[in-house]
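Chain and residue survey
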Amino acid sequence: MRILVTDGMDKTALETLRAKGHEVVEQFYAPEELGEAIRDFDVVVVRSATKVRANHIDAAKGSRLKLIIRGGVGVDNIDVAYAEANGISVKNTPRASSNSVAELALAHMLSCARFVSIAGHTMREGKWEKKAYGKGVELGGKTLGVIGYGRIGQALGRMAQGLGMNVVAYDIFHVEGIECETMHYVTMDELLAQSDFISLHTPAIDGKPLINRENIAKMKDGVIFVNTSRGNNVDEEALLEGLNSGKIRGAGLDVYAEEPAKNEALLNHPNVSCTPHIGAATKEAQKRIGMEIVSIIDNL
């Protein structure tokens, strides 16, 4: 088969596909060029940068294209229903990056709790702000609220329990057999009221952001909030208001309403720990994603 990889892929996986006899082309296409380009391929592999929309699918109708693979968890950069209605299958790699995203969420929790980001920044400016940043908090004994208790949320929950935290989780689905003394399912309002830390792990939500003024008002004073899911799940203006008022002690952000991120007031806030959408960007996760893509293509 002819396979187009638009946003990069693990080298070992690329070599594996070529060893199996597939022709693999690595090339990024601008949106206005993408529709015509994908007509010449059986499979298109994308990550976050490439958006496959209805107009691209219209351009590919009647061509050899039969599969779009998103190397990652979310598929909101692909018009999935429209693609499948036109005979093009859409797959993703939901298992491969769970641990990497969970570890980054934990890193942001620790960064916010101990002022790691801003303290390091001020030291590079020649300052020694020992007193200002000597008022950190520990994670042990605190309550972590996880909104969206799927693979990533569960991975973070296990890590948090290992650090001595209690975990409360909100999800529309409840997994049997995982509740214990240090992990319980609760309602959304209970989670917001009880949690010292809150980490968001839901898919992209259409319409009103889940983390808005109303839900922020229900949180504990001084909560630490982390988002490694999707930027449009959070009302950034409401989040900034919460940070400025002290309602939110700190925010760890890997995703943003607009990417590349341009909300300078949020990015430059001293109580924000930020990264440029790198949740799945570990060597280990990329290898797992690559081999999961190979497996999907093998089963086509």
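Residues numbered from 1 in each chain as written. Predicted model: local features only at pLDDT ≥ 70, side-chain atom pairs only at ≥ 80, totals over all residues. Heavy atoms only, no water.

Moving on: the sheet that holds strand β1 (residues 2-5). Spatial ordering of the open sheet is given by β2-β1-β3-β4-β5, a layout of 5 strands whose pairing is parallel. Each having just a single partner strand, β2 (23-26) and β5 (89-92) make up the two edges of the open sheet. On average, each strand axis in the sheet is tilted by 20° relative to the strand beside it, whichever way the strands run. Packed onto the sheet, helix α1 (residues 11-19) meets β1 and β2 and runs at close to 145° relative to β2. On top of the sheet, helix α12 (residues 283-298) reaches β1, β3 (43-46), β4 (67-70) and β5; it is set at about 160° to β4, its chief contact. (Pairing = 2+ DSSP bridges. Helix = DSSP H or I, 4+ residues; strand = E, 2+ residues; numbered from the N terminus. Axes fitted to C-alpha atoms, helices over the stretch in contact; angles between N-to-C directions. Contact = heavy atoms within 4.5 Å.)

For the rest of this paragraph, the subject is the sheet that holds strand β9 (residues 197-200). Strand pairing within a sheet occurs via backbone hydrogen bonds; the two strands may be parallel or antiparallel. With parallel pairing, the 7 strands of this open sheet are ordered in space as β8-β7-β6-β9-β10-β11-β12. The sheet terminates laterally at β8 (183-185) and β12 (272-274), the two strands that pair on one side only. Ignoring which end each strand starts from, the neighbouring axes of this sheet average 15° apart. Across the sheet, helix α10 (residues 236-245) is in contact with β10 (223-227), β11 (248-253) and β12; its angle to β11 comes to roughly 140°.

Moving on, we get to helix α6 (residues 116-124). Turning to α6, its buried residues number three or more, namely Ile-118, Ala-119, Gly-120 and Thr-122. Phi turns positive, to about 85°, at Gly-126, one or two residues after α6. (Buried < 20%, exposed > 50% of the residue type's maximum accessible area, 1.4 Å probe, protein only.)

A few words on the pattern of salt bridges. Considering all chains together, one arrives at 20 salt bridges under this definition. Linking Lys-61 and Asp-58 is a salt bridge whose minimum nitrogen-to-oxygen distance equals 3.1 Å. By relative accessible area, which is 39% here, Lys-61 ends up partly exposed. A salt bridge links Asp-235 to Arg-213; the nearest nitrogen and oxygen atoms lie 3.6 Å apart. Taken together, the residues Asp-235 in the loop between β10 and α10 and Arg-213 in helix α9 (residues 213-217) connect sequence positions 22 residues apart. Take Asp-235: its relative accessible area is 22%, and that puts it in the partly exposed class. The class of Arg-213 is partly exposed, set by a relative accessible area of 40%. Sharing partners across several salt bridges, the network here consists of Asp-189, Lys-208, Glu-214 and Lys-218. (Salt bridge = Lys/Arg side-chain N within 4 Å of Asp/Glu carboxyl O.)

Before going further, it helps to examine the environment of Gly-207. Here Gly-207 is to be found in the loop between β9 and α9. Taking the C-alpha atoms as reference, Gly-207 lies 9.0 Å from Asn-232; in sequence the two are 25 residues apart.

Scanning all chains against the criterion turns up 2 aromatic pairs. The interplanar angle of 40° and the centroid separation of 5.5 Å between the aromatic rings of Phe-115 and Tyr-133 together place this pair among those described as tilted. Separated by 18 residues along the polypeptide, Phe-115 in the loop between α5 (98-114) and α6 and Tyr-133 in the loop between α6 and β6 (143-147) bring together distant segments of the chain. Aromatic side chains Tyr-149 and Tyr-185 sit 6.1 Å apart centroid to centroid with 85° between the ring planes, which places their arrangement in the edge-to-face category. One end of the pair, Tyr-149, is in the loop between β6 and α7 (151-162); the other, Tyr-185, is in strand β8, with 36 residues separating them in the sequence. Over the aromatic face of Phe-41 sits the side chain of Arg-2, whose NZ or CZ is 4.4 Å from the ring centroid. (Phe/Tyr/Trp six-rings, centres within 6.5 Å; stacked < 30°, edge-to-face > 60°. Lys NZ or Arg CZ within 6 Å of the ring centre and 35° of its normal.)

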